[in-house]
Amino acid sequence: CAGCWPAADMERLVERLEKAVERLETVCQGSGMCGDASAKGVAQYVQAFDALLAGPVAEYIKISKEVGGDVQKHAEMVHAGLMSERALLVVASQHQQPSENAFSDLLKPISEQIQAVQNFREKNRGSKLFNHLSAVSESIPALGWVAMAPKPGPYVKEMTDAAMFYTNRILKEYKDVDKKQVDWVKAYLSIWTELQAYIKEYHTTGLTWSKTGPVATAGAKAAPAPPAGVAPPPPGPPPPPAPMSSSTDDSASRSALFAQINRGEGITSGLRHVSDDMKTHKNPALKNQGGPVRSGPKPFTAPKPACNANPSHGSSPKAPPLLELEGKKWRVENQENATNLVISDTELKQVAYVFKCTNSTLQIKGKINSITLDNCKKLGLVFDDVVGIVEIINSRDVKVQVMGKVPTISINKTDGCHVYLSKNSLDCEIVSAKSSEMNVLIPTEGGDFTEFPVPEQFKTVWNGQKLVTTVTEIAG
């Protein structure tokens, strides 16, 4: 990883951050120069961001270093993104709001580092710490709050919720096994919790720009000039690795927020693309309009960008199809129009991970531990027995048929899912969240199936002591 720092350098950086923030706070209290963004000292909201860096972010980096491996590398890239955001905050504190095109250019460093974080996860799908990488990758677009108005805080909250699916899996796996992993989850999520509080105090309706000073331009640079005797905050780390040239459709979609800005449209007008009436899970009528497939747990859909956030990297060929056994994991990836995929030489300890397969069918014979469908479209899965769980995530129009037994089927962020149960699997538990058009088909004595829809709408009332939630029947 070209942008990764040695552990010793990371420790020194954290120490310097903490000392710099302490000195800045002391001077601010003594001089009263920090309350105005146009003052010669560091603006108050930049100092507050420094406090966030020295607090929750430093704790996250510290624990990530202890966890090591891919988690540590990812943390260094996240820190680079936060430092790019700090640089933009300094520019905003000393300049008036720029034109749309200039603002797009100012946002590019953040956009590129978001992509770098997400590409790292895509490149390391075989990692033992893949849930950690996924939690970070799916929530890192929260750095895009600087381009959101009038509600940047709720946007960060939605991005945080996108990480919860994976952090809950980490907690479930390590709760009674490794306290360090639990502490990592708490430290990482606290970054976004603190960021929400920070936004609420300083940027409630959007990024706050100076009322004085020059108008920001595309090449605007700002080097804070603290009062005499105060060392300036440390410089940001080296830039992270450039986004991989093999940028996939899903990474482009996840960066759609910044790509939309780069098209030159108005910042506020762009919010139409993330409003509630444009979210398919809140407006089922949109599902028939052929919108883009959601690619990763995120609470909004956005149009496919007209141009990449980093146009210097051209689009690359599609990833090659894959069906192979890697250790204990069967990897089935990037299959298109493959109607006869079969996995037959299975063992109980093995798992199957099916990623980004389209218009295909897969049969898994024998008994295995678990099956995960991720980012698949129009996929048919037939399997014999699973002793753990079958998970369907971020997918669309999938059909799953159980021939033997399975204790649990989880459906998350999926539009259109048909589950055909066998007579031996009628006691299966089906857990769903943020999904729609789900149906469970029960076998009849005649060999046919009877279809039952899974409820999507609920009613919650306060009974005086607690909230009571019941299923609401949808009329018409």
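Residues numbered from 1 in each chain as written. Predicted model: local features only at pLDDT ≥ 70, side-chain atom pairs only at ≥ 80, totals over all residues. Heavy atoms only, no water.

In the annotation of an unreviewed UniProt entry, the protein is listed under the name Adenylyl cyclase-associated protein and assigned to Certhia brachydactyla. If you open the UniProt record of the protein and go to Function (unreviewed entry), you find "Directly regulates filament dynamics and has been implicated in a number of complex developmental and morphological processes, including mRNA localization and the establishment of cell polarity." Per UniProt, the comment on the protein under Subcellular location (unreviewed entry) is "Cell membrane". (UniProt positions renumbered as here; feature names shortened; annotations may be inferred.)

Draft legend 1. Just the nonpolar core, in detail. Counting residues in each nonpolar core, the largest one holds 66 residues, and the members touching the most others are Tyr60, Trp145, Trp184, Trp192, Leu195, Tyr198 and Leu207. Elements with a minimum of two residues in this core: helix H2 (44–67), helix H3 (69–94), helix H4 (100–123), helix H5 (130–139), helix H6 (152–174) and helix H7 (179–202). Beyond its immediate chain neighbours, meaning those up to four positions away, Tyr60 contacts His74, Ala75, Val78, Val136, Trp184, Ala187, Tyr188 and Ile191. By size, the runner-up hydrophobic cluster in this structure holds 33 residues, among which are Ala338, Ile343, Leu362 and Leu381. (Core = buried A, V, L, I, M, F, W, Y, C linked by side-chain atoms within 4.5 Å. Buried < 20%, exposed > 50% of the residue type's maximum accessible area, 1.4 Å probe, protein only. Helix = DSSP H or I, 4+ residues; strand = E, 2+ residues; numbered from the N terminus. Contact = heavy atoms within 4.5 Å.)

Draft legend 2. Focus on the sheet that holds strand E8 (residues 389–393). With mixed pairing, seven strands are arranged side by side in an open sheet as E1-E2-E4-E6-E8-E10-E12. Unpaired on one side and paired on the other, strand E1 (322–326) and strand E12 (429–433) mark the two borders of the sheet. Direction aside, neighbouring strands of the sheet carry axes that sit 10 degrees apart on average. Strand direction decides the pairing type here: strand E4 (residues 351–355) and strand E6 (residues 370–374), joined by five bridges, are parallel. Note that in E6 the partner of Val354 across the bridge is Leu373. Lying over the sheet, H6 contacts E6, E8 and strand E10 (408–412), oriented at roughly 160 degrees with respect to E8. (Pairing = 2+ DSSP bridges. Axes fitted to C-alpha atoms, helices over the stretch in contact; angles between N-to-C directions.)

Draft legend 3. Expanded view of H5. Here H5 lies mainly inside the structure; 10 of its 10 residues are buried. Within the span of H5, buried status applies to Phe130, Asn131, His132, Leu133, Ser134, Ala135, Val136, Ser137, Glu138 and Ser139.

Draft legend 4. Geometry of the pairing of strand E7 (residues 377–386). Sheet topology note: the strand E5 (residues 358–368)/E7 ladder contains eight bridges and is parallel. Residue pairing in the sheet places Ile368 in a bridge with Val386 of E7. Here E7 pairs with strand E9 (residues 396–402) via six bridges, running parallel. Bridge assignment links Gly380 to a residue of E9, and that residue is Lys399.

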